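Commentary on secondary and tertiary structure
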Amino acid sequence: MFHYMAGWATKIEGNTITLSVPYMPGAGFHAYTLREPIGVIAQIIPWNFPLLMAAWKLAPALATGNTVILKPAEQTPLTALRLAELIAEAGIPDGVVNVLPGYGESAGAALAAHDDVDKVAFTGSTEVGKLIVQAAAGNLKKVTLELGGKSPNIVLDDADPDIAIQGAANAIFFNHGQCCVAGSRLFIQEDRFDQVVEGVAGIARGIKLGPGLEPGTQMGPLVSDEQLQRVTGYLDSGRDEGAHTVVGGSRHGEQGYFVQPTVLIGAHPSTKVVREEIFGPVVVASPFSDLDQIAAEANDTTYGLGAGIWTRDISKAHALASRIRAGTVWINCYNVFDAALPFGGYKQSGWGREMGHEVLEAYTEVKAVCTQL
Ligand code: NAI
Ligand code: MG
């Protein structure tokens, strides 16, 4: 991320523009644009990928000449503080990068409302994203948001079953499902439904849960008691609302915040486990028959962050990709990120894009300079 964005630092350019100005006949002009830093940027990041989120946020802000106050999540301040030490050691002038640990309701809210902050860039829950927008209204600071998701992962009947099963499991179980792009709604074309559900359930059964430092552990605990309560609450609500648990379905053990990797089927599209972000290792699988309808089903969500398509038919893949309302569509892969690939959300998954050259727009103001010759 830092290497890629460092390359952009020498490529921030404006344009020269030929003017016609019809109400000033005969006048000549020289006009150009400058891309300038926005100023002081508050960056508020979550706990699910603490160092990565810091890198995604800091690198483009610095490449475009801004200064930053980075607030890590209260659960995970240490990597950001270590990064601040390395940044100081690297010789970045004092005050350019400031790491400010603190709670969201106090430190985060104060940054979002502060009149001397020119922009806030936030990653976290959609609920807090809306609070940030309200807080930013005071001085109309710029806002970019990377929020939640309920991403559809669609397996067509011609997909390679082994690849699709592995991919579907990785899409939901990576980082214990604590991923904004988690492929939490798994749509499988009818003929493959039993095979893919059984395959993903088999992988779930085989995942070894345990402490992160224990050799052989494949999945650790959730981040906090709050997340444990949240995720097990969804497991209860899924059961209460009529979903059937194929595998998993509850807390693992008595100690720590472990949750069993879980596959649910038979959940009604209106239920909470289908509609709300769970942020745990819980996938809801449903069959579909008609390729024409699957885009509408996939889009039946307030979110629009990620999506997956598994098929060997390139025409179907690209036709479907164009119909899905999401910031990223992965075909025969999932959770593939690159500094050059823009990332962000449609609908209530966010405003603006991180990474790629798109992010430069989110960290610069455009100034038009117009001279009469
Ligand atoms: P959160 O949205 O409350 O926290 C994310 C960041 O926002 C943290 O740095 C926090 O201190 C800060 N924050 C909290 N309240 C704030 C406020 N009023 N003003 C300014 N900053 C504030 O997320 P939380 O509570 O950790 O997790 C709850 C749910 O949010 C999760 O279950 C998940 O669904 C979603 N989430 C989504 C993430 C994503 O990557 N899109 C990351 C983390 C959580
Ligand atoms: Mg919160």
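These numbers were taken from a predicted model, which means no experiment stands behind them. (Residues numbered from 1 in each chain as written. Chains lettered and ligands numbered in written order. Predicted model: local features only at pLDDT ≥ 70, side-chain atom pairs only at ≥ 80, totals over all residues. Heavy atoms only, no water.)

1. Thoughts on the overall build of the protein
- Counting its regular elements, the protein contains 12 helices and 18 strands.
- Computed over C-alpha atoms, the radius of gyration of the protein comes to 23 Å, within 12% of the 21 Å expected from 2.2 N^0.38 for 373 residues, which places it in the range of a compact globule.
- Oriented by its inertia axes, the alpha-carbon framework of the protein measures out at about 75 × 45 × 35 Å.
- Sorting the 373 residues of the protein into buried and exposed places 47% on the buried side.
- A separation of at least 24 residues holds for 69% of the contacts in the protein among residues at least 6 apart in sequence.
- In the form shown here, the protein has an accessible surface area of approximately 17,400 Å², with 55% of it arising from carbon and sulfur atoms. (Helix = DSSP H or I, 4+ residues; strand = E, 2+ residues; numbered from the N terminus. Rg over C-alpha atoms; globule rule 2.2 N^0.38 Å. Buried < 20%, exposed > 50% of the residue type's maximum accessible area, 1.4 Å probe, protein only. Contact = heavy atoms within 4.5 Å. Areas by Shrake-Rupley, 256 points an atom, 1.4 Å probe, with all protein chains shown as cover.)

2. Quick word on empty space enclosed by the protein
- Under the criterion given, the structure shown has three cavities of 30 Å³ or more.
- Approximately 90 Å³ is the volume found for the largest cavity.
- Together, 16 residues line the largest cavity, and T144, L145, W351, R353 and E354 are the ones closest to its centre.
- Contributing elements (two or more residues each) for the lining of the largest cavity: β6 (119–123), β7 (142–146), β15 (343–344), β17 (353–354) and α12 (358–362).
- For the lining of the largest cavity, a count of residues per class yields eight nonpolar, three polar and five charged.
- In this model, the second largest cavity occupies a volume close to 70 Å³.
- Tallied by class, the residues present in the lining of the second largest cavity amount to six nonpolar, four polar and two charged. (1 Å grid on protein atoms, 1.4 Å probe; cavity = no way out; pocket = protein on both sides within 12 Å on 5 of 7 lines; lining within 4 Å. Points joined across faces, edges and corners; volume = space filled by probe spheres on them. Nonpolar A, V, L, I, M, F, W, Y, C, P; charged D, E, K, R; others polar.)

3. Looking at helix α11 (residues 314–323)
- Where α11 is concerned, the buried positions are A317, L320 and A321. One face of α11 carries all of its buried residues, which in axial projection span an arc of 105 degrees. Exposed side of α11, more than 90 degrees from the buried face: S315, H318 and S322 are the residues found there.
- Check the buried side of α11 and you find it contacts β8 (152–155), α10 (291–298), β13 (306–310) and β14 (328–331).
- Structurally, the start of α11 carries an N-cap: the backbone nitrogen of S315 is 3.0 Å from a side-chain oxygen of D313. (Arc of directions from axis to C-beta. Polar contact = N/O pair within 3.5 Å; in protein donor to acceptor, adjacent residues only side chain to side chain.)

4. What about the pattern of salt bridges?
- All chains considered together, the criterion is met by 10 salt bridges.
- A salt bridge links K367 to E36; the nearest nitrogen and oxygen atoms lie 3.0 Å apart. Note that K367 is positioned in strand β18 (residues 364–372) and E36 in strand β2 (residues 29–37), a separation of 331 residues in sequence.
- The class of K367 is partly exposed, set by a relative accessible area of 38%. (Salt bridge = Lys/Arg side-chain N within 4 Å of Asp/Glu carboxyl O.)

5. Looking at the nonpolar core
- Of all hydrophobic cores here, the largest spans 59 residues; its most connected members are L70, V155, F173, L186, I188 and V200.
- Beyond its immediate stretch of four places on either side in the chain, L70 contacts Q43, I45, A54, K57, L58, A80, N98, V99 and L100.
- Within the second largest apolar cluster, 14 residues are counted, among which are L222, A243, V259 and A267. (Core = buried A, V, L, I, M, F, W, Y, C linked by side-chain atoms within 4.5 Å.)

6. Details of the layout of surface pockets
- Space inside the largest pocket adds up to approximately 1,200 Å³.
- Along its surface, the largest pocket is lined by 50 residues, and W47, F122, G124, S125 and V128 are the ones closest to its centre.
- Every element with two or more residues in the lining of the largest pocket is listed here: α2 (50–63), α4 (104–113), β6, α5 (126–136) and α8 (225–240).
- Tallying contributions element by element places α5 first for the lining of the largest pocket, with six residues.
- Counted by class, the lining of the largest pocket contains 28 nonpolar, 13 polar and nine charged residues.

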